[in-house]
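Descriptive structure summary
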Amino acid sequence: MSLVGSYVALSKPLAAVFPVLLLAWMRFGIGAIAMLGWLRRPPEEARLSRRARALLFLESLFGNFLFTICMVTGISMTSAVTAGVTMSAIPATVALMSWLLLRERVAQRTWLAVALAVAGIALYALSREQPAVQAGPQPPAGAAWLGQLLLIGAVLCESLYAVIGKHLTASMGPRRITALINLWGLVLSTPFGLYLAWNFNFSAVGWGTWGLLLFYGLAACVWTVWLWMTGLRNVPASQAGIFTVLLPISTAIVGMCVLGERISAMQALAFGIALLGVLIATWPGRQHNLAQAH
């Protein structure tokens, strides 16, 4: 999640050069080339069942394709602050879905950690200074409610990504899951990518931008997904969802250290509250300590 937040911040120049769906298509293409060797089934893994194939498709559909569309379009119709407040509901939604769909037992301290994570990120979003007049084209009147619904859809997509991923790690290795999810993302985005690439002037793109695109593709499609799926093999989905608070935190840190942005004292306090939730969720429990002692 920290790496996701880092590449989100550093991908701002890419979004200014490439259309969103063209950027997504090229990102999945880079990932597909990098993970060709990960597609092969290891000898110890069973063949993919029909249910596993369906879950892989849904994982990519919700976590890659629909999440990007809902998030980007939702922000364009509302504001970054609204998105920040809405997305702060992800840890709670993941915990709830884990309880409902995976039948996980969610501990009391996990619910406390979820509450702190939600409170911290919501406080951060609400404490951001808003300009009196926003520059650029304004969304049409009455579009805010649709943008809010799309942001809620993004929350549900990201939560389903965590829950479905937990299902997949029970029968498949993280590397193969990562490669197959990316392959479905490439299939879903190819029609839009080809259409947008037909009239795009690639010769005007500088070498620095291409280098940043390579980092973005590897980080977004390979490194972060592999790390997430590896973690899900050993961590309950409800607990893993709390780590999504590190996304906006690392984005802000990169923005401050690399892009020259500033952070207020209230925002620093908000981050502290959110990190306290992560600390509570990951602190070794009594049973774990007793097991280590024996």
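These figures come from a predicted structure and were not determined experimentally. (Residues numbered from 1 in each chain as written. Predicted model: local features only at pLDDT ≥ 70, side-chain atom pairs only at ≥ 80, totals over all residues. Heavy atoms only, no water.)

**Concerning the packing of helix 3 (residues 20-34) against helix 9 (residues 174-198)**
Close contact between helix 3 and helix 9 brings their axes to 7 Å; oriented N to C, the two are set at 135°. Relative to helix 9, the element helix 3 is oriented oblique. In this structure, helix 3 meets helix 9 at a crossing whose hand is left-handed. Note on element contacts: helix 9 touches helix 3 through Asn-182, Gly-185, Leu-186, Ser-189, Thr-190, Phe-192, Gly-193, Leu-194, Leu-196 and Ala-197, opposite Leu-21, Leu-22, Ala-24, Trp-25, Phe-28, Gly-29, Gly-31 and Ala-32. (Axes fitted to C-alpha atoms, helices over the stretch in contact; angles between N-to-C directions. Helix = DSSP H or I, 4+ residues; strand = E, 2+ residues; numbered from the N terminus. Parallel < 35°, antiparallel > 145°, perpendicular 65-115°, else oblique. Left-handed = near helix turned anticlockwise from the far one by under 90°. Contact = heavy atoms within 4.5 Å.)

**Section: a nonpolar patch on the surface**
A grouping of Leu-96, Trp-99, Leu-100, Leu-101 and Trp-111 is seen on the molecular surface, where their side chains present a nonpolar patch of about 500 Å² in accessible area. Looking at the nonpolar patch, the element that brings in the most residues is helix 6 (residues 90-101), giving four residues. Following the sequence through the fold, Trp-111 ends up in helix 7 (residues 108-127). (Patch = residues over 30% accessible without salt bridge, like charges linked within 9 Å, V, L, I, M, F, W, Y side chains within 5 Å. Areas by Shrake-Rupley, 256 points an atom, 1.4 Å probe, with all protein chains shown as cover. Salt bridge = Lys/Arg side-chain N within 4 Å of Asp/Glu carboxyl O.)

**Looking at the packing of aromatic side chains**
One pass over the full model with this rule turns up seven aromatic pairs. Ring pairing ties together the aromatic residues Phe-18, Phe-200, Phe-202 and Trp-210, which thus form one cluster. (Phe/Tyr/Trp six-rings, centres within 6.5 Å; stacked < 30°, edge-to-face > 60°.)

**Quick notes on the pattern of salt bridges**
Across all of its chains, the model carries one salt bridge by this definition. Put simply, Glu-45 and Arg-176 hold a salt bridge, and the shortest N to O gap is 3.3 Å. Here the residue Glu-45 occupies a position in the loop between helix 3 and helix 4 (50-77), and Arg-176 occupies one in helix 9, the gap between them amounting to 131 residues. Each member of the pair, Glu-45 together with Arg-176, is buried. (Buried < 20%, exposed > 50% of the residue type's maximum accessible area, 1.4 Å probe, protein only.)

**Some remarks on the confidence of the model for the protein**
Residues at a pLDDT of 70 or more form 77% of the protein, whose mean pLDDT is 78. For the protein, helix 14 (residues 286-293) is the element with the lowest average pLDDT, namely 42, and helix 9 is the one with the highest, namely 94. Low pLDDT, under 50, characterises residues 129-137; the stretch is placed with two contacts to residues that sit more than four places away or in other chains. Here residues 286-294 scores under 50 on pLDDT; set against residues more than four positions off or in separate chains, the count is one contact. (pLDDT = per-residue confidence, 0-100.)

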